[in-house]
Amino acid sequence: MDDLREKYLGLISDAADEATVEDLRVQALGKKGEISLKMRELGKMDPEERKTAGPALNALKEEVNSAIMARKTAFADAALEERLKTEWLDITLPSRPERRGTIHPISQVWEEVTAIFADMGFSVAEGPQIETDWYNFDALNIPGHHPARAEMDTFYMHRAEGDERPPHVLRTHTSPVQIRSMEKMGAPLRVICPGRVYRADYDQTHTPMFHQVEGLAVDTEISMANLKWCLEEFVKAFFEVDDVELRFRASHFPFTEPSAEVDIRCSWDKGQLKVGEGDDWLEILGSGMVHPKVLAAGGIDAEKYQGFAFGVGIDRIAMLKYGIPDLRAFFDSDLRWLRHYGFSSLDQPGLVGGLSR
Ligand code: DAH
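Residues numbered from 1 in each chain as written. Predicted model: local features only at pLDDT ≥ 70, side-chain atom pairs only at ≥ 80, totals over all residues. Heavy atoms only, no water.

**Details of the site of the ligand**
Basically, it comes down to this: A molecule or strand has a residue near it when one of that residue's heavy atoms lies within 4 Å. Counting of polar contacts relies on pairs of N or O atoms within 3.5 Å, with two restrictions inside protein: one atom must be capable of donating a hydrogen and the other of accepting it, and residues adjacent in sequence are counted only when both atoms are side-chain atoms. Accessible surface area values rest on a Shrake-Rupley calculation with a 1.4 Å probe, where residue burial reflects the displayed protein chains alone. A run of H or I in DSSP becomes a helix once it reaches four residues, and a run of E becomes a strand once it reaches two; helices and strands are each numbered from the N terminus.
Taken together, 15 residues surround the ligand, and among them H173, S175, R199, Q212 and E214 come closest. In the environment of the ligand, an oxygen atom lies 3.1 Å from a nitrogen or oxygen atom belonging to the side chain of Q178. Within the side chain of Q212, an N or O atom sits 3.0 Å from an oxygen atom of the ligand. Its free accessible area being 360 Å², the ligand has 90% of it covered by the protein chains. Those elements giving two or more residues to the shell around the ligand turn out to be β5 (209-219), β9 (280-290) and β10 (306-313).

**Considerations on the packing of helix α5 (residues 105-119) against helix α11 (residues 314-322)**
Selection criterion: With axes taken as lines fitted to C-alpha atoms, and helix axes fitted only over the stretch in contact, angles between N-to-C directions fall between 0 and 180 degrees. Comment on the angle field: the value is read as roughly parallel under 35 degrees, roughly antiparallel over 145, roughly perpendicular from 65 to 115, and oblique elsewhere. When checking whether two residues touch, look at their non-hydrogen atoms; a contact exists if any pair is within 4.5 Å.
Direction vectors running N to C along α5 and α11 enclose 100°, while the axes themselves pass 9 Å from each other. By the angle class used here, α5 and α11 are roughly perpendicular. Contacts between α5 and α11 pair P105, I106, Q108, V109, W110, E112 and V113 from the former with I314, D315, I317, A318, K321 and Y322 from the latter.

**Thoughts on the domain arrangement of the protein**
For clarity, the cut-off: Per the annotation, domain bounds derive from an automatic or database assignment of domains.
Domain parsing of the protein yields domain 1 (2-86) and domain 2 (105-341). For domain 1 and domain 2, the distance between their C-alpha centres works out to 77 Å.

And the structure:
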């Protein structure tokens, strides 16, 4: 046994590579290996002899086996070491500027709007993009026969025959989040709800999916004056101008009474929009005082509380602020377009550091 030990330990430590070690393993410990055969002889020994030979042989087997394992690990480590020497990467090199990603103008404007209203004490609420027709229409005072349902070019979800669930639609506006927020948080309440909305429409200023941000404030002494102030603050901050004139134009929405569309004073000089000066007016959003039926649908006592609400097209104000002529380009994923109109991923919009740089 001492001869076997010396022989194999010597061979193992002299082995030049992993394959040689494997050959040695087969030679010593394989089915017909030298040590394995010795172990088979144990059966033929008398019990006394077996008592000493058995444990000794087992110890030998263990010793040779662990020498083999250790040597194999050493070869594997050396091979890895060798590979790492050729596959290294200099992480101190500057990044490749041409590969840099940008923030999409819609994400940018979404963040800008959120920053402005957060500063006025509004929190952010979200709702599902697949809505029941109750949240999208009925709760907003748009009953089944109302023309607004047809005007919205609604996408209806497929329903199997006999499906008992309420009809679902892809939400046509963010207004249903008003109802969900009132249900969830009650009054008083101040939320904005940015999100994706869907309508079957496609041309230079319409895409089947686009973005809106809804605003809702509910309290016991809310008036149109509060709405006007909030929107003025918003427009000044968003277009980054010191002053701007707003014009409220009487309008109609089923979910507000009274309703107003809001225009801002502007000029178009050689196709370039300037906000806050000039003789033109630009329509930017719809708004009004929340209809009592809508407050009631949200579970709020309309005798005690009032609210104002507004809805803005994120894509629309992004086009205006950043001079983007075609809405469809937003969703083409053309890298040249994204590089031209995109924003640095390191600049977080904020009222202190600046909204857009
Ligand atoms: N939901 C309207 C739309 O999609 C926009 C809107 C108008 C929202 C007036 C409002 C509002 O909250 O008060 O066209």
